[in-house]
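# Working through the structure, step by step
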2 protein chains.
Amino acid sequence: MIPKLSPIGDKIFHHHPDQSLLSTNDDTQDYKTFYYRQTLDHFNYRPESYTRFSQRYLINFKYWGGANSSAPIFVYLGEEAPIDGDLEVIGFLTDNAPSFNALIVYIEHRFYGESVPLGSFDEALKNAETRGYFNSAQAIADYAAVIRHLKKTLNAQKSPVIVIGGSYGGMLASWFRLKYPHMAIGALASSAPILYFDRITPSNGYYSVVTKDFREASESCYETILKSWSEIDRVASEADGLSILSQRFNTCRPLNKSSELKDYLDSLYASAAQYNQPPRYPVSVICGGIDGASFGSDILTKIYSGLVALKGNATCKVNQPLNQTQTDKGWRWQTCSEMVIPIGRGNETMFPADPFHIKSFVKECKKIYGVSPRPHWVTTYYGGHDIKLVLQKFGSNIIFSNGLRDPYSSGGVLDNISDSIVAVRTVNGSHCLDILRSSASDPEWLIKQREEEIKIIKGWISQYYADLAALKVS
Amino acid sequence: MIPKLSPIGDKIFHHHPDQSLLSTNDDTQDYKTFYYRQTLDHFNYRPESYTRFSQRYLINFKYWGGANSSAPIFVYLGEEAPIDGDLEVIGFLTDNAPSFNALIVYIEHRFYGESVPLGSFDEALKNAETRGYFNSAQAIADYAAVIRHLKKTLNAQKSPVIVIGGSYGGMLASWFRLKYPHMAIGALASSAPILYFDRITPSNGYYSVVTKDFREASESCYETILKSWSEIDRVASEADGLSILSQRFNTCRPLNKSSELKDYLDSLYASAAQYNQPPRYPVSVICGGIDGASFGSDILTKIYSGLVALKGNATCKVNQPLNQTQTDKGWRWQTCSEMVIPIGRGNETMFPADPFHIKSFVKECKKIYGVSPRPHWVTTYYGGHDIKLVLQKFGSNIIFSNGLRDPYSSGGVLDNISDSIVAVRTVNGSHCLDILRSSASDPEWLIKQREEEIKIIKGWISQYYADLAALKVS
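Residues numbered from 1 in each chain as written. Chains lettered and ligands numbered in written order. Predicted model: local features only at pLDDT ≥ 70, side-chain atom pairs only at ≥ 80, totals over all residues. Heavy atoms only, no water.

### Let's talk about the overall build of chain A
We apply this condition: Helix and strand assignments follow DSSP, with helices taken as H or I runs no shorter than four residues and strands as E runs no shorter than two, numbered in order from the N terminus. Any residue under 20% of the maximum accessible area for its type is buried, any over 50% is exposed, and the rest in between are partly exposed; the area is computed with a 1.4 Å probe on protein chains only. Only the protein chains shown count as covering a residue, and every accessible area follows the Shrake-Rupley method with a 1.4 Å probe. Charge assignment: positive for Lys and Arg, negative for Asp and Glu; neither His nor the chain ends contribute. By convention, charge coordinates are those of NZ in Lys, CZ in Arg, CG in Asp, or CD in Glu.
Along its length, chain A carries 16 helices and 8 strands. C-alpha atoms of chain A, sized along the principal axes, occupy 80 × 50 × 45 Å. A burial count over chain A gives 61% of its 474 residues as buried. Accessible area for chain A stands at about 17,200 Å²; split by element, carbon and sulfur atoms hold 51% of it. Charged side chains in chain A number 48 positive and 49 negative. The centres of these two groups are separated by 5 Å.

Structure, rendered in structure tokens:
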């Protein structure tokens, strides 16, 4: 899954990378499914807080060295999606469990997949009472409760736990290590934009990186896209302009306004940049299409060629009937309440300027959900400001991994904070690339990144065993 | 205040030390009172969660060096009582603010004093909906919100904050440093029994220390008390026995059962041990009375002499009409929901055996409040098990101070965890002694303890300024 953290307003953001491009795991039959009777509200003692719901988690026992040898436990912390997709494409745990003799656990995030409290997903999300319980603090408390239960059930109190997550799940992993150090000895936080809150990161960070990615791929491609927006508007403003655009972009339904097309292209480029991964590198594919359009083509033809190059032209793409996923709906609520990630577009990008305005954002969210977002809560609860000053002598054992071509890397931790809170970054990497399943076609820099992460995690575990032995003796 | 963390079942536990024995602050006029519009539920986004209530805090600006010089801020985190009492007896902040040029802030704990959400204290506590919001996780989130607000309002983002608390408030201080390291650079946690949860500390720890205190004061005193319980039962079982006991102990009302007397004495001894502070040392006073009863006195005469020695005989003491304070009522709820501190009496104490049974405790709480306690939650959220293993390489800047004569020290951190998570203990100290106002009669060991704490805190602040300067340069 590795969903994009889509900013509100991106009405048609297709944030799933093309699954057909990813190496998938063929070992899903090694997983057993369990359900934990989870507490609805960990931070309240109202009678309703005690309501229980079934939280899904899956375990692969195949590689585990067992509790007697205090063999490690890898726990994947689910993000804003059903856990099934993670099981398919997240390879880091399965690829490395054998050499660690590790147990593998995937835990689904509350409100997604089968882990929905109080009715169906749509019911739960429609109910203003129920969706109040849908937030990150509750989610990581869930993870703590499941891990506690697991360790107890498996009699594995001494087994070191490593938590792993990507994107929003990567934020959860790093926050989990900070808030629950007694539950996990370390965290791998892949592409976690924990600094994309409360004005720590400039709001145009995301689209600046998208722009840079395209410009680095091709200056002329970048120029074409830059000019395309006003060209779309110009054509749209003509008599019958929207029909012309609908025809030229082979839209699934006639366009009602030019923003439908522009939003689609915005999402296409952003998604390509975010998931600009080997072996195909979607940004290069799009730019190949744009730059490769036959000599003398006009701007819109070039743009359409870029689209076709990536997506093919067998079926229509633009203005497809909207079929919102749990991720679309759930993440919108999350960003409209707690996860206020201020993504805007400044003047310096290849996109039309569209700055983030907190006031109109708050207003829109309030209109949809009846309650206001809390834009300062993430930094109040988890921190973020002056992160080096705060964490260089506090905390340990977190890897923040980023690919610098991932637009979200603009809100990531890109420099080491201390000896053991470290940044592992690749110049060419994309969103969550390191935790995907390894493949024969992986480039050398990606192999190296994963090796570095594994070496660091091995170091944590060795240190943990040494500390454990020293404390037993003393 | 420094209230005793009274175990449920101690119906008549008088847990306030005799205020007349304490040096009180005469500078309460230096404090300005403020109210913060606090969020009712930080961890939920139901419409009700957004309800605001007024949280009281007080500031003394007199000694502050100001925001421009990034002068420190001392924040006292209120415990289970109105903040007024703390202002009177907690001296650590005022005594040391001048040499630190520190701002002093006292914040009241939600639901106590003037910081009660949704109606009067009794209304709030009677309402099963409202009291659900009454817990430690919400309380420390309140503190984070107030500190954030303060720093912003005072433009003091770079001022280092030191949080200070005693007893339950000491637990909150240490947990605050662990959960909100971005809000406070260090914590002084006085007499904080953070390990008295979930069977980390044996349940008879508290009464074992009470017993040790009396035995060290006087072996014969200890023997007398040890024998007194069966003697009380023996007399009570006689015809007219309760009248005899009522007369001999000058009870305020006739005793209905011997447990009323025994509970009173239990509380008397426990409280004396907990607050066994100079210059009077209540344990020695009681034992002086017991041992000093005229030659040939029987056991009950001796016991009554001990009582009179401490409390005088001008008015009746035993079986006074109950006048429950906010602390009594509030703390009972807290212990019956979240703060499950399993205090029992084993066979090795000078008290009748009365082991802690979690099942009957849960049952009793459920009967009173309709919901069950969550005895594993504190260790799930805050940790505690294997604390050295967990924290020796995670976290920094916490002082756990304890007096070993304080029964709660049995659940405290008594050994250094790391270079900067340290234990400062005194052999003769009692509950929260170090944070009380200093006095000319303070013994040398107490002066030394406070000096050590101040030296450590000065070190944190110097280090912080050095780090701040280094980061500015780089």
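### What about the environment of Val340(A)?
Residue and element names in this part refer to chain A. Take Val340: it is sitting in the loop between helix H12 (326-337) and helix H13 (358-369). Judged by relative accessible area, Val340 falls into the buried class, the value being 2%. Taking the C-alpha atoms as reference, Val340 lies 33 Å from Glu231; in sequence the two are 109 residues apart.

### Some thoughts on the interface of chain B and chain A
The condition is simple: We call two residues in contact when some of their heavy atoms are within 4.5 Å. A quick way to say it: buried area is the sum, across both parts, of accessible area lost when two parts are put together, with a 1.4 Å probe. The term salt bridge refers to a pairing of a side-chain nitrogen on Lys or Arg with a carboxyl oxygen on Asp or Glu at a separation within 4 Å. In protein, a polar contact means a hydrogen-donor-capable atom and an acceptor-capable atom, both N or O and within 3.5 Å, with residues adjacent in sequence counting only if both atoms are side-chain atoms; elsewhere, any N or O pair within 3.5 Å suffices. Nonpolar residues are Ala, Val, Leu, Ile, Met, Phe, Trp, Tyr, Cys and Pro. Charged residues are Asp, Glu, Lys and Arg, and all others, Gly as well, are polar.
Taken together, the 58 residues of chain B in the interface contact 58 residues of chain A. The contact between chain B and chain A buries some 5,100 Å² in all, and 57% of this surface belongs to carbon and sulfur atoms. Contact with chain A buries area across many residues of chain B, yet Tyr45(B), Arg374(B) and Phe394(B) alone supply 17% of it, more than any other trio. Close ionic contact of Asp467(A) with Lys393(B) constitutes a salt bridge, the shortest N to O distance being 2.8 Å. The tally of links between chain B and chain A comes to 34 residue pairs in polar contact (both at pLDDT 80 or more). With 6 residues, the single largest contributor to the side of chain B that touches chain A is helix H4 (residues 136-153) of chain B. Class assignment of the residues belonging to the side of chain B that touches chain A gives a composition of 25 nonpolar, 18 polar and 15 charged.

### Considering the state of the cysteines
All names here are of chain B. The condition that has to hold: Pairs of cysteine sulfur atoms within 2.5 Å are identified as disulfides in what follows.
Under the definition given, this model contains 6 disulfides over all chains. Between the sulfur of Cys252 and that of Cys316 lies a disulfide, 2.0 Å long from S to S. Around the S-S axis, the bridge from Cys252 to Cys316 shows a dihedral of about 110 degrees and counts as right-handed. One end of the pair, Cys252, is in the loop between helix H8 (241-248) and helix H9 (258-274); the other, Cys316, is in the loop between helix H11 (299-311) and helix H12 (326-337), and 64 residues separate them in sequence. Here Cys336 pairs with Cys365 through a disulfide, and the sulfurs are 2.0 Å apart. Across the S-S bond of Cys336 and Cys365 the torsion is about -80 degrees, and the bridge reads as left-handed. Placement of the pair is Cys336 in helix H12 and Cys365 in helix H13 (residues 358-369), with a sequence separation of 29 residues.

### Points about the confidence of the model for chain A
Residues and elements named next belong to chain A. For the record, the criterion: Confidence scores labelled pLDDT are given residue by residue by the predictor and lie between 0 and 100.
When pLDDT is averaged along chain A, the result is 94; 94% of the residues meet or exceed 70. In this model residues 1-18 is a low-confidence stretch, pLDDT under 50, and it forms 87 contacts with partners more than four residues away in sequence or in other chains. ipTM for the predicted complex: 0.95, alongside a pTM of 0.95.

### Overview of the sheet that holds strand E2 (residues 52-60) of chain B
Residues and elements named next belong to chain B. Put simply, the rule is: Only when DSSP finds a minimum of two bridges between them are two strands counted as paired. Helix axes are fitted only over the stretch in contact, all axes being lines through C-alpha atoms; the angle between N-to-C directions runs from 0 to 180 degrees.
An order of E1-E2-E4-E3-E5-E6-E7-E8 is seen for the 8 strands of this open sheet, with the pairing classed as mixed. At either margin of the open sheet sits one strand with a lone partner, and together these are strand E1 (32-39) and strand E8 (421-426). In this sheet, neighbouring strand axes are inclined to one another by 20 degrees on average, regardless of whether the strands run parallel or antiparallel. In terms of strand pairing, strand E5 (residues 161-166) meets strand E6 (residues 186-190) through 5 bridges, oriented parallel. Along E6, the bridge assignment pairs Ile162 with Gly186. Contacting strand E3 (73-77), E5, E6 and strand E7 (398-403), helix H5 (residues 168-179) runs over the sheet at an angle of about 150 degrees to E5.

### Some remarks on the relation of the copies chain B and chain A
Rules: Copies overlap after least-squares fitting; the atoms used are the C-alpha atoms of residues with pLDDT of at least 70 in both.
Each copy superposes on the other: chain B lies on chain A with an RMSD of 0.0 Å after a rotation of 180 degrees and an axial shift of 0.0 Å. Such a combination of turn and shift is consistent with a two-fold rotation axis. Among all residues of chain B, the minimum C-alpha distance to the rotation axis is found for Gly395(B), at 2.5 Å. Interface residue correspondence from chain B to chain A reaches 100%, placing this contact among same-surface, isologous pairings.

### With respect to the domain arrangement of chain A
Residues and elements named next belong to chain A. What counts is decided by this rule: In this document the domain limits rely on a domain assignment from an automatic tool or a database.
When its domains are assigned, chain A resolves into domain 1 (20-199 + 378-471), domain 2 (204-311) and domain 3 (331-374). Centre-to-centre separation of domain 1 and domain 3, based on C-alpha positions: 26 Å. Contacts between the two partners involve 18 residues from domain 1, matched on the other side by 10 residues from domain 3. Between domain 1 and domain 3, a total of about 1,300 Å² is buried, with carbon and sulfur atoms accounting for 62% of that surface. Summed over the shared surface of domain 1 and domain 3, the number is 0 salt bridges. At the surface where domain 1 touches domain 3, the tally comes to 7 residue pairs in polar contact (both at pLDDT 80 or more). The set of elements that each furnish at least two residues to the side of domain 1 that touches domain 3 consists of helix H4 (136-153) and helix H5 (168-179). The dominant element in the side of domain 1 that touches domain 3, judged by the number of residues it contributes, is H5, at 3 residues. Taken together, the residues of the side of domain 1 that touches domain 3 sort by class into 11 nonpolar, 4 polar and 3 charged.

### Topic: the side chain of Asn135(A)
In this structure, Asn135(A) sits in the loop between helix H3 (121-126) and H4. Take Asn135(A): its relative accessible area is 1%, and that puts it in the buried class. At 3.0 Å, the side chain of Asn135(A) and the backbone oxygen of Phe43(B) are in polar contact. Discounting residues that sit within four places of it in the chain, Asn135(A) has contacts with Arg110(A), Glu338(A), Phe43(B), Asn44(B) and Tyr45(B).

### Notes on the sheet that holds strand E8 (residues 421-426) of chain A
Residue and element names in this part refer to chain A. Overall, mixed pairing links the 8 strands, which are arranged E1-E2-E4-E3-E5-E6-E7-E8 in an open sheet. Edge positions in the sheet fall to strand E1 (32-39) and E8, since each has one partner strand and no second. Here the average twist between neighbouring strands, direction ignored, is 20 degrees. Two elements, strand E6 (residues 186-190) and strand E7 (residues 398-403), share 4 bridges in a ladder whose sense is parallel. Pairing of Leu188 across the sheet is with Ile399, part of E7. The strands touched by H4 within the sheet are E1, strand E2 (52-60), strand E3 (73-77), strand E4 (103-107) and strand E5 (161-166), with E2 carrying the most contacts at an inclination of about 60 degrees.

### Remarks on the pattern of salt bridges
For the structure on display, the rule yields 48 salt bridges over all chains. For Arg405(B), the salt bridge is made with Glu216(B), and the minimal N-O distance between the two is 3.9 Å. Of this pair, Arg405(B) sits in the loop between E7 and E8 while Glu216(B) sits in helix H6 (residues 205-217), placing them 189 residues apart in sequence. Among the charged side chains, a salt-bridge network with shared partners connects Arg56(A), Asp84(A), Glu108(A) and Glu114(A).

### Some remarks on unusual backbone geometry
All names here are of chain A. Pro279 follows Pro278 through a cis peptide bond whose omega is 0 degrees. Checked against the element boundaries, Pro279 lands in the loop between helix H9 (258-274) and helix H10 (282-292). A positive phi is found at Ser167, a non-glycine position, where the angle reads about 65 degrees. Relative to the elements of secondary structure, Ser167 occurs in the loop between E5 and H5. Phi at Asp386 takes a positive value of approximately 50 degrees, unusual for a residue other than glycine. Here Asp386 lies in the loop between helix H14 (377-382) and helix H15 (387-391). Of the residues examined, Asp386 reaches a relative accessible area of 38% and is grouped as partly exposed.

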